[in-house]
Amino acid sequence: MQHEINQNKILSILTIFSTFLMGFIDAYTFLTQDGLFASAQTGNMVVLAAKLVEGDLLEAFVHVSSFLGFALGAFVAQGIIERFKAYGWKKYRFYLLLQTIFLLIIALIQQQIGPSVIGFLLGLLAGYELTVFRKIRSTSINNGIMTGNTKNLMNNLYLAVFHKNRESFYTFVTLLLGITVFMIGAGTGALIWFYSEQLNLWLAFAVTGLFYSWLLFKRT
């Protein structure tokens, strides 16, 4: 039981961090890649359709590449989860190690690659993140797409207010936390971009590395 509690606590912390990171990176891609989203694929589909109607095939392809990257990231992440599900909380070390290395590579080559490659790589990262880190305490949360979270937030608020459901109230608070953290991440990402366009990905790498180091030295 203690092992299960410990694992849930680690996953909750990492999901909160991942939610911040997705807001941070979505703000970066939106500002630097003409309205591109790394995680919000619904938004990408809308912009994609609009670009196609306008006849702007080059810009439309950037959104296609992000969608394909996201799909591949989710596919690969599910395979990684299946492979390491027996490793307890220590599997999160490997998850973060992969993420840290991946962000380092993107940060190093960001000035040498075009929008389509950036969109694909960050879409892949988002698909990975949304698959691997998706629970705060007992509440499942989408750490990069707030539409479903907002719907569930208000559904649970109704149940908490009119049915006096305590569990719904806890779920409401958890979802509110997730939405707030995402917004803080997006705001921080936009703020950092104003100072330096290249700094965002380096900071994403650095903070992920800090969380990996925390898990690397964690023993219980």
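All figures in this text were calculated on a predicted structure; none of them were measured in a lab. (Residues numbered from 1 in each chain as written. Predicted model: local features only at pLDDT ≥ 70, side-chain atom pairs only at ≥ 80, totals over all residues. Heavy atoms only, no water.)

Trainee: Any chance you could explain the packing of aromatic side chains here in plain terms?
Mentor: Any two aromatic rings considered together are summarised by their centre-to-centre distance and by the angle between their planes. This model, assessed by the stated rule, comprises 13 aromatic pairs. With a centroid separation of 5.3 Å and 55° between ring planes, the pair formed by Phe84 and Tyr87 is classed as tilted. On the basis of relative accessibility, which here comes to 45%, the residue Tyr87 falls in the partly exposed class. Taken together, the ring pairs in this structure connect Phe17, Phe211 and Trp214 into an aromatic cluster. Stacked on the ring of Phe84, the Lys or Arg Arg83 has its end atom at 5.1 Å from the ring centre. (Phe/Tyr/Trp six-rings, centres within 6.5 Å; stacked < 30°, edge-to-face > 60°. Buried < 20%, exposed > 50% of the residue type's maximum accessible area, 1.4 Å probe, protein only. Lys NZ or Arg CZ within 6 Å of the ring centre and 35° of its normal.)

Trainee: Would you mind showing me how to read the pattern of salt bridges here?
Mentor: If the charged atoms of two oppositely charged side chains come close together, the side chains can form a pair. Applying the stated criterion across every chain yields a total of 3 salt bridges. The partner of Glu59 in a salt bridge is Lys51, with the nearest N and O atoms 2.8 Å apart. Looking at Glu59, the relative accessible area reads 29%, which means it is partly exposed. A cluster of three or more residues bridged by salt bridges with shared partners is formed by Asp34, Lys51 and Glu59. (Salt bridge = Lys/Arg side-chain N within 4 Å of Asp/Glu carboxyl O.)

Trainee: Looking at this model, I keep getting lost on the environment of Lys90. Mind explaining?
Mentor: Positionally, Lys90 belongs in the loop between helix H3 (57–84) and helix H4 (91–109). C-alpha separation for the pair Lys90 and Val53, spaced 37 residues apart in sequence, amounts to 48 Å. (Helix = DSSP H or I, 4+ residues; strand = E, 2+ residues; numbered from the N terminus.)

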